Amino acid sequence: MSVLDPVRLDSARQRVERFVGAELMDIYDKVIAQERLSYEDGVRLYATPNLSAVGYMANIVRERLHGDRTYYVRNQHINYTNICNKFCKFCSFYAKKGGPSPYEMSLEDVRRRLKEHLDVPITEIHMVGGINPRLPYAYYLDLLRLVKEVRPGVHIKAFTMVELIEIQRQAQKPLETVLLELKEAGLDSLPGGGIEILSERVHQELFDRKLDGEGWMDVARTVAEVGLTQYATMLYGHIETLEERAEHLVSLRALQDETKHFITMTPLSFHPEGTELEHIPHPTGYDDLRNIAVSRLMLDNFVHIKSFWIMNTPQISQTALWYGADDLDGTVHEYEITYKDGEFGNKKQVLTRRQMVKTIEEAGRTPIERDSLYNEIPETAEPQPKSLHAIPLTATN
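None of these values were measured; they are calculated from a predicted model.

1. Some words on unusual backbone geometry
Notably, F87 is not glycine yet its phi reads approximately 55°, a positive angle. Position of F87 relative to the elements: it lies in the loop between strand 2 (75-79) and helix 5 (107-115). On the accessibility criterion, F87 (38% relative accessible area) is partly exposed. Phi at K260 takes a positive value of approximately 60°, unusual for a residue other than glycine. Looking at the element boundaries, K260 is found in the loop between helix 11 (242-259) and strand 7 (262-269). By relative accessible area, which is 64% here, K260 ends up exposed.

2. Description of the sheet that holds strand 1 (residues 69-73)
One open sheet accounts for three strands, arranged 9-1-10; its pairing is parallel. Both outer strands of the open sheet, strand 9 (327-330) and strand 10 (366-369), are each paired with one neighbouring strand and no more. Neighbouring strand axes in the sheet, compared pairwise and without regard to direction, differ in orientation by 25° on average.

3. Details of the packing of aromatic side chains
Applying the stated criterion to the full structure yields 11 aromatic pairs. Aromatic pair Y80 and Y140: ring centres 6.1 Å apart, planes at 85°, arrangement edge-to-face. With Y80 in the loop between strand 2 and helix 5 and Y140 in helix 6 (residues 137-150), this pair connects stretches of sequence that are 60 residues apart. Neither Y80 nor Y140 differs from the other in exposure class; each is buried. Plain terms: the ring middles of Y139 and Y140 are 5.7 Å apart, the flat faces sit at 90° to each other, and that makes the pair edge-to-face. Side by side, Y139 and Y140 carry an identical accessibility label, which is buried. Feature note: the residues Y80, Y139, Y140 and F159 constitute an aromatic cluster, connected by ring pairs. One cation-aromatic arrangement involves K157 over Y231; the distance from NZ or CZ to the ring centre is 3.9 Å. One residue, R365, lies across the ring of W322, its end atom 3.5 Å from the ring centre.

4. A look at helix 4 (residues 51-66)
The end-to-end C-alpha separation of helix 4 is 22 Å, in line with the 22 Å expected for 16 residues at 1.5 Å each. Trailing helix 4 by a residue or two, G67 shows a phi angle of about 60°, which is positive.

5. Focus: the packing of helix 3 (residues 39-47) against helix 11
Interhelical geometry of helix 3 versus helix 11 gives an angle of 135° and a closest axis separation of 9 Å. By the angle class used here, helix 3 and helix 11 are oblique. By crossing handedness, the relation of helix 3 to helix 11 is classed as right-handed. Two secondary-structure elements touch here, helix 3 through Y39, G42, V43, Y46 and A47 and helix 11 through L242, E243, R245, A246, E247, L249 and V250.

Calculation rules
Residues numbered from 1 in each chain as written. Predicted model: local features only at pLDDT ≥ 70, side-chain atom pairs only at ≥ 80, totals over all residues. Heavy atoms only, no water. Helix = DSSP H or I, 4+ residues; strand = E, 2+ residues; numbered from the N terminus. Buried < 20%, exposed > 50% of the residue type's maximum accessible area, 1.4 Å probe, protein only. Pairing = 2+ DSSP bridges. Axes fitted to C-alpha atoms, helices over the stretch in contact; angles between N-to-C directions. Phe/Tyr/Trp six-rings, centres within 6.5 Å; stacked < 30°, edge-to-face > 60°. Lys NZ or Arg CZ within 6 Å of the ring centre and 35° of its normal. Expected span 1.5 Å × (residues − 1). Parallel < 35°, antiparallel > 145°, perpendicular 65-115°, else oblique. Left-handed = near helix turned anticlockwise from the far one by under 90°. Contact = heavy atoms within 4.5 Å.

Set out below in C-alpha coordinates:
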(Lines give C-alpha, C1' and ligand atoms only; values in the text may rest on other atoms or scores of the structure.)
Protein backbone atom coordinates (compact mmCIF):
# COMPACT_ATOMS: atom_id res chain seq x y z
CA MET A 1 0.00 0.00 0.00
CA SER A 2 1.40 3.41 -0.97
CA VAL A 3 2.29 5.91 1.77
CA LEU A 4 -0.08 8.30 0.01
CA ASP A 5 -2.94 5.81 -0.02
CA PRO A 6 -6.19 7.75 0.63
CA VAL A 7 -7.35 5.20 3.19
CA ARG A 8 -4.18 5.64 5.22
CA LEU A 9 -4.37 9.43 4.96
CA ASP A 10 -7.98 9.39 6.12
CA SER A 11 -7.00 7.21 9.06
CA ALA A 12 -4.20 9.60 10.06
CA ARG A 13 -6.55 12.58 9.84
CA GLN A 14 -9.11 10.77 11.95
CA ARG A 15 -6.51 10.18 14.65
CA VAL A 16 -5.62 13.87 14.63
CA GLU A 17 -9.29 14.82 14.78
CA ARG A 18 -9.86 12.60 17.79
CA PHE A 19 -7.13 14.53 19.61
CA VAL A 20 -7.64 18.06 18.29
CA GLY A 21 -11.42 17.88 18.11
CA ALA A 22 -13.65 18.50 15.10
CA GLU A 23 -14.28 22.08 16.22
CA LEU A 24 -10.57 22.99 15.83
CA MET A 25 -9.71 21.03 12.68
CA ASP A 26 -10.03 24.10 10.46
CA ILE A 27 -7.36 25.82 12.57
CA TYR A 28 -5.23 22.67 12.48
CA ASP A 29 -5.45 22.67 8.68
CA LYS A 30 -4.22 26.28 8.61
CA VAL A 31 -1.32 25.40 10.91
CA ILE A 32 -0.27 22.50 8.69
CA ALA A 33 -0.59 24.66 5.56
CA GLN A 34 1.32 27.51 7.30
CA GLU A 35 -1.57 29.90 6.73
CA ARG A 36 -2.06 32.96 8.92
CA LEU A 37 -4.63 32.61 11.68
CA SER A 38 -7.33 35.25 12.04
CA TYR A 39 -8.40 37.29 15.06
CA GLU A 40 -11.43 35.03 15.29
CA ASP A 41 -9.15 31.99 15.34
CA GLY A 42 -7.22 33.57 18.21
CA VAL A 43 -10.38 34.09 20.25
CA ARG A 44 -11.36 30.46 19.68
CA LEU A 45 -7.92 29.24 20.77
CA TYR A 46 -8.30 31.22 23.99
CA ALA A 47 -11.85 30.04 24.60
CA THR A 48 -11.60 26.31 23.85
CA PRO A 49 -11.38 24.02 26.90
CA ASN A 50 -9.09 21.72 24.88
CA LEU A 51 -5.74 23.17 25.98
CA SER A 52 -3.90 20.00 24.92
CA ALA A 53 -5.02 20.57 21.32
CA VAL A 54 -3.84 24.18 21.40
CA GLY A 55 -0.49 23.06 22.79
CA TYR A 56 -0.21 20.26 20.22
CA MET A 57 -0.67 22.70 17.35
CA ALA A 58 1.72 25.23 18.90
CA ASN A 59 4.36 22.52 19.23
CA ILE A 60 4.04 21.75 15.52
CA VAL A 61 5.03 25.34 14.78
CA ARG A 62 7.73 25.38 17.44
CA GLU A 63 9.40 22.23 16.11
CA ARG A 64 9.02 23.40 12.52
CA LEU A 65 11.08 26.49 13.43
CA HIS A 66 13.49 25.16 16.04
CA GLY A 67 13.28 21.38 16.39
CA ASP A 68 14.37 20.51 19.93
CA ARG A 69 16.61 23.56 20.32
CA THR A 70 15.87 25.70 23.39
CA TYR A 71 17.66 28.96 24.00
CA TYR A 72 18.89 30.74 27.12
CA VAL A 73 21.20 33.66 27.84
CA ARG A 74 23.55 34.50 30.68
CA ASN A 75 22.21 37.86 31.71
CA GLN A 76 21.93 40.27 34.62
CA HIS A 77 18.99 42.52 35.42
CA ILE A 78 19.48 45.99 36.90
CA ASN A 79 16.54 48.17 37.95
CA TYR A 80 18.16 51.57 38.39
CA THR A 81 15.29 53.32 40.20
CA ASN A 82 11.88 52.45 41.61
CA ILE A 83 10.73 56.06 41.80
CA CYS A 84 7.91 56.44 39.30
CA ASN A 85 5.22 59.02 38.58
CA LYS A 86 2.87 56.73 36.61
CA PHE A 87 1.24 54.89 39.58
CA CYS A 88 0.03 51.92 37.52
CA LYS A 89 -2.50 49.84 39.42
CA PHE A 90 -0.93 46.54 38.41
CA CYS A 91 2.59 47.44 39.59
CA SER A 92 4.21 46.32 42.86
CA PHE A 93 7.63 47.71 41.95
CA TYR A 94 7.30 51.46 42.33
CA ALA A 95 7.97 53.20 45.67
CA LYS A 96 4.83 54.00 47.64
CA LYS A 97 3.52 54.30 51.17
CA GLY A 98 3.22 50.85 52.65
CA GLY A 99 5.25 49.43 49.76
CA PRO A 100 8.88 49.47 48.61
CA SER A 101 11.11 52.26 49.88
CA PRO A 102 12.29 54.67 47.16
CA TYR A 103 15.74 54.28 45.70
CA GLU A 104 17.77 55.79 42.90
CA MET A 105 21.01 54.06 41.96
CA SER A 106 24.03 56.25 41.49
CA LEU A 107 26.52 55.34 38.81
CA GLU A 108 28.79 53.92 41.51
CA ASP A 109 25.90 51.80 42.78
CA VAL A 110 25.50 50.40 39.29
CA ARG A 111 29.24 49.81 39.02
CA ARG A 112 29.21 47.81 42.26
CA ARG A 113 26.23 45.78 41.12
CA LEU A 114 27.95 44.93 37.84
CA LYS A 115 31.17 43.92 39.59
CA GLU A 116 29.30 41.48 41.84
CA HIS A 117 29.05 39.05 38.92
CA LEU A 118 32.23 39.73 36.96
CA ASP A 119 33.19 36.08 37.50
CA VAL A 120 30.25 35.02 35.31
CA PRO A 121 30.58 35.36 31.50
CA ILE A 122 27.40 37.43 31.20
CA THR A 123 26.59 38.56 27.64
CA GLU A 124 23.48 40.70 28.33
CA ILE A 125 22.64 43.48 30.77
CA HIS A 126 18.89 44.15 31.01
CA MET A 127 18.09 47.57 32.51
CA VAL A 128 14.71 49.13 33.17
CA GLY A 129 13.37 51.40 35.88
CA GLY A 130 10.58 53.67 36.97
CA ILE A 131 9.76 57.01 35.36
CA ASN A 132 11.79 59.23 37.67
CA PRO A 133 11.51 62.90 36.64
CA ARG A 134 14.59 63.81 38.71
CA LEU A 135 16.99 61.89 36.49
CA PRO A 136 18.61 64.12 33.83
CA TYR A 137 19.31 63.07 30.27
CA ALA A 138 23.03 62.75 31.04
CA TYR A 139 22.28 60.05 33.62
CA TYR A 140 20.97 57.66 30.96
CA LEU A 141 23.91 58.26 28.65
CA ASP A 142 26.41 57.84 31.48
CA LEU A 143 24.60 54.70 32.63
CA LEU A 144 25.08 53.06 29.24
CA ARG A 145 28.71 54.15 29.00
CA LEU A 146 29.39 52.79 32.48
CA VAL A 147 28.04 49.35 31.61
CA LYS A 148 30.23 49.18 28.52
CA GLU A 149 33.22 50.33 30.58
CA VAL A 150 32.78 47.63 33.24
CA ARG A 151 31.71 44.92 30.77
CA PRO A 152 33.20 45.70 27.34
CA GLY A 153 31.36 43.90 24.57
CA VAL A 154 28.24 43.15 26.60
CA HIS A 155 24.84 43.64 24.93
CA ILE A 156 22.69 46.28 26.65
CA LYS A 157 18.95 45.76 26.48
CA ALA A 158 17.38 48.76 28.18
CA PHE A 159 14.49 51.21 28.45
CA THR A 160 10.86 50.53 27.66
CA MET A 161 8.91 52.78 25.30
CA VAL A 162 7.60 54.69 28.33
CA GLU A 163 11.12 55.28 29.61
CA LEU A 164 12.17 56.51 26.16
CA ILE A 165 9.48 59.19 26.23
CA GLU A 166 10.75 60.40 29.62
CA ILE A 167 14.35 60.36 28.36
CA GLN A 168 13.25 62.37 25.33
CA ARG A 169 11.47 64.86 27.60
CA GLN A 170 14.67 65.34 29.58
CA ALA A 171 16.76 65.68 26.42
CA GLN A 172 14.39 68.15 24.71
CA LYS A 173 15.36 66.63 21.37
CA PRO A 174 13.54 64.64 18.68
CA LEU A 175 13.09 60.97 19.60
CA GLU A 176 15.14 59.80 16.63
CA THR A 177 18.07 61.96 17.75
CA VAL A 178 17.77 60.69 21.33
CA LEU A 179 17.78 57.07 20.17
CA LEU A 180 20.85 57.61 18.02
CA GLU A 181 22.66 59.22 20.95
CA LEU A 182 21.64 56.38 23.28
CA LYS A 183 22.82 53.93 20.65
CA GLU A 184 26.17 55.70 20.39
CA ALA A 185 26.49 55.53 24.20
CA GLY A 186 25.97 51.77 24.15
CA LEU A 187 22.28 50.89 23.77
CA ASP A 188 21.91 47.72 21.68
CA SER A 189 18.21 46.74 21.94
CA LEU A 190 15.02 47.49 23.81
CA PRO A 191 12.74 45.32 25.97
CA GLY A 192 9.06 45.02 25.21
CA GLY A 193 7.33 46.39 28.28
CA GLY A 194 5.49 49.65 28.76
CA ILE A 195 2.10 48.94 27.23
CA GLU A 196 1.07 45.72 29.04
CA ILE A 197 -1.83 45.11 26.67
CA LEU A 198 -2.96 47.04 23.59
CA SER A 199 -6.43 47.91 24.86
CA GLU A 200 -7.63 51.46 25.41
CA ARG A 201 -10.17 50.24 27.95
CA VAL A 202 -7.47 48.60 30.06
CA HIS A 203 -5.17 51.58 29.51
CA GLN A 204 -7.74 53.98 30.93
CA GLU A 205 -8.51 51.78 33.92
CA LEU A 206 -5.05 50.58 34.95
CA PHE A 207 -2.30 52.84 33.56
CA ASP A 208 -3.81 56.04 32.17
CA ARG A 209 -0.70 58.14 32.91
CA LYS A 210 1.41 56.10 30.52
CA LEU A 211 1.53 55.94 26.74
CA ASP A 212 -1.54 54.55 25.03
CA GLY A 213 -1.33 51.81 22.43
CA GLU A 214 -0.94 54.10 19.44
CA GLY A 215 1.79 56.06 21.20
CA TRP A 216 3.63 52.86 22.10
CA MET A 217 3.53 51.65 18.50
CA ASP A 218 4.71 55.03 17.19
CA VAL A 219 7.76 54.87 19.48
CA ALA A 220 8.39 51.30 18.35
CA ARG A 221 8.32 52.44 14.73
CA THR A 222 11.00 55.05 15.48
CA VAL A 223 13.07 52.39 17.26
CA ALA A 224 12.92 50.30 14.10
CA GLU A 225 13.84 53.26 11.90
CA VAL A 226 17.14 53.80 13.74
CA GLY A 227 18.03 50.11 13.42
CA LEU A 228 17.50 48.88 16.98
CA THR A 229 16.10 45.44 17.77
CA GLN A 230 13.13 45.20 20.13
CA TYR A 231 11.39 42.52 22.16
CA ALA A 232 7.62 42.31 22.68
CA THR A 233 5.48 41.33 25.66
CA MET A 234 1.89 40.96 26.80
CA LEU A 235 0.80 41.14 30.43
CA TYR A 236 -2.14 38.82 30.97
CA GLY A 237 -4.26 37.67 33.88
CA HIS A 238 -5.57 40.99 35.23
CA ILE A 239 -8.72 42.66 33.86
CA GLU A 240 -8.25 42.01 30.15
CA THR A 241 -10.68 39.89 28.16
CA LEU A 242 -9.85 36.99 25.87
CA GLU A 243 -10.81 39.20 22.94
CA GLU A 244 -8.35 41.88 24.09
CA ARG A 245 -5.59 39.28 24.32
CA ALA A 246 -6.27 38.19 20.74
CA GLU A 247 -6.39 41.81 19.57
CA HIS A 248 -3.04 42.49 21.25
CA LEU A 249 -1.41 39.63 19.34
CA VAL A 250 -2.97 40.67 16.03
CA SER A 251 -1.80 44.27 16.56
CA LEU A 252 1.76 43.15 17.35
CA ARG A 253 1.74 40.93 14.29
CA ALA A 254 0.63 43.80 12.06
CA LEU A 255 3.34 46.05 13.51
CA GLN A 256 5.95 43.36 12.91
CA ASP A 257 4.77 43.05 9.30
CA GLU A 258 5.50 46.76 9.00
CA THR A 259 8.78 47.12 10.94
CA LYS A 260 10.32 43.63 11.05
CA HIS A 261 12.39 44.62 14.10
CA PHE A 262 10.91 42.42 16.83
CA ILE A 263 12.92 39.34 17.71
CA THR A 264 11.03 37.63 20.54
CA MET A 265 7.58 37.62 22.16
CA THR A 266 7.25 37.00 25.91
CA PRO A 267 3.80 36.54 27.42
CA LEU A 268 4.06 37.75 31.04
CA SER A 269 1.71 36.52 33.76
CA PHE A 270 0.34 39.11 36.17
CA HIS A 271 1.26 38.62 39.83
CA PRO A 272 -1.17 40.61 42.01
CA GLU A 273 0.70 40.65 45.33
CA GLY A 274 1.69 44.17 46.40
CA THR A 275 -0.50 45.84 43.76
CA GLU A 276 -3.87 47.59 43.81
CA LEU A 277 -5.31 44.42 42.26
CA GLU A 278 -4.45 42.01 45.06
CA HIS A 279 -7.99 40.66 44.97
CA ILE A 280 -7.32 39.06 41.58
CA PRO A 281 -6.36 35.35 41.74
CA HIS A 282 -2.74 34.40 41.21
CA PRO A 283 -1.67 33.10 37.80
CA THR A 284 -2.12 29.43 36.96
CA GLY A 285 0.03 27.09 34.93
CA TYR A 286 -3.03 26.40 32.78
CA ASP A 287 -3.25 30.07 31.72
CA ASP A 288 0.52 30.39 31.33
CA LEU A 289 0.64 27.46 28.92
CA ARG A 290 -2.34 28.72 26.93
CA ASN A 291 -0.82 32.17 26.44
CA ILE A 292 2.49 30.68 25.34
CA ALA A 293 0.70 28.39 22.87
CA VAL A 294 -1.67 30.97 21.43
CA SER A 295 1.20 33.45 21.01
CA ARG A 296 3.17 30.86 19.05
CA LEU A 297 0.21 30.11 16.79
CA MET A 298 -0.83 33.71 16.15
CA LEU A 299 2.59 35.35 15.77
CA ASP A 300 3.75 33.71 12.57
CA ASN A 301 6.26 36.53 11.94
CA PHE A 302 7.99 36.25 15.34
CA VAL A 303 10.82 33.73 15.30
CA HIS A 304 10.98 33.18 19.06
CA ILE A 305 8.49 32.74 21.92
CA LYS A 306 9.86 32.96 25.45
CA SER A 307 8.62 31.52 28.74
CA PHE A 308 10.02 33.78 31.48
CA TRP A 309 10.81 31.25 34.18
CA ILE A 310 10.63 33.75 37.06
CA MET A 311 7.00 34.55 36.33
CA ASN A 312 5.97 31.09 35.09
CA THR A 313 8.20 28.98 37.43
CA PRO A 314 10.90 26.67 36.06
CA GLN A 315 8.52 23.71 36.15
CA ILE A 316 5.76 25.33 34.06
CA SER A 317 8.45 26.70 31.74
CA GLN A 318 9.69 23.15 31.17
CA THR A 319 6.18 22.16 30.07
CA ALA A 320 5.93 25.34 27.97
CA LEU A 321 8.77 23.99 25.83
CA TRP A 322 6.13 21.58 24.45
CA TYR A 323 3.48 24.31 24.16
CA GLY A 324 5.28 26.63 21.75
CA ALA A 325 8.12 28.19 23.75
CA ASP A 326 11.70 27.86 22.51
CA ASP A 327 13.40 30.21 25.01
CA LEU A 328 13.59 30.33 28.83
CA ASP A 329 15.25 33.77 29.13
CA GLY A 330 18.36 33.67 31.28
CA THR A 331 20.25 33.47 34.55
CA VAL A 332 18.89 36.91 35.67
CA HIS A 333 20.69 37.04 39.10
CA GLU A 334 18.44 39.72 40.64
CA TYR A 335 14.88 40.68 39.78
CA GLU A 336 12.46 42.92 41.65
CA ILE A 337 9.53 43.53 39.30
CA THR A 338 7.76 40.36 40.50
CA TYR A 339 8.64 37.68 43.02
CA LYS A 340 8.09 33.98 43.61
CA ASP A 341 4.85 33.16 45.39
CA GLY A 342 5.48 33.32 49.14
CA GLU A 343 8.81 35.16 48.73
CA PHE A 344 7.70 38.75 48.13
CA GLY A 345 10.70 41.07 48.33
CA ASN A 346 13.37 38.40 47.71
CA LYS A 347 15.39 39.94 44.88
CA LYS A 348 17.83 37.03 44.55
CA GLN A 349 16.22 35.11 41.70
CA VAL A 350 18.75 33.16 39.67
CA LEU A 351 19.33 29.98 37.74
CA THR A 352 22.98 29.12 37.14
CA ARG A 353 23.99 27.94 33.70
CA ARG A 354 24.21 24.40 35.08
CA GLN A 355 20.67 24.61 36.44
CA MET A 356 19.37 26.11 33.22
CA VAL A 357 20.90 23.33 31.13
CA LYS A 358 19.49 20.69 33.48
CA THR A 359 16.04 22.32 33.39
CA ILE A 360 15.98 22.20 29.58
CA GLU A 361 17.39 18.70 29.29
CA GLU A 362 14.92 17.33 31.85
CA ALA A 363 12.16 18.62 29.56
CA GLY A 364 13.56 16.60 26.66
CA ARG A 365 14.94 19.57 24.75
CA THR A 366 18.45 20.59 23.65
CA PRO A 367 19.90 23.62 25.49
CA ILE A 368 21.57 26.30 23.36
CA GLU A 369 23.31 29.24 25.01
CA ARG A 370 22.70 32.36 22.94
CA ASP A 371 23.49 36.04 22.94
CA SER A 372 20.77 38.70 22.84
CA LEU A 373 20.35 38.35 19.07
CA TYR A 374 20.23 34.53 19.14
CA ASN A 375 23.77 33.91 17.97
CA GLU A 376 25.00 30.67 19.55
CA ILE A 377 27.62 31.06 22.31
CA PRO A 378 30.41 28.43 22.45
CA GLU A 379 30.33 26.43 25.67
CA THR A 380 32.50 27.80 28.49
CA ALA A 381 33.15 26.66 32.04
CA GLU A 382 30.92 28.05 34.76
CA PRO A 383 32.37 29.29 38.05
CA GLN A 384 31.01 27.94 41.31
CA PRO A 385 28.39 30.27 42.82
CA LYS A 386 29.69 32.57 45.56
CA SER A 387 26.75 31.88 47.83
CA LEU A 388 24.04 29.25 48.01
CA HIS A 389 21.68 32.07 49.01
CA ALA A 390 21.83 33.20 45.39
CA ILE A 391 20.20 29.93 44.25
CA PRO A 392 16.76 29.77 45.88
CA LEU A 393 15.20 27.50 43.25
CA THR A 394 16.15 24.26 44.96
CA ALA A 395 13.66 22.28 42.86
CA THR A 396 16.05 22.64 39.92
CA ASN A 397 19.30 21.78 41.71
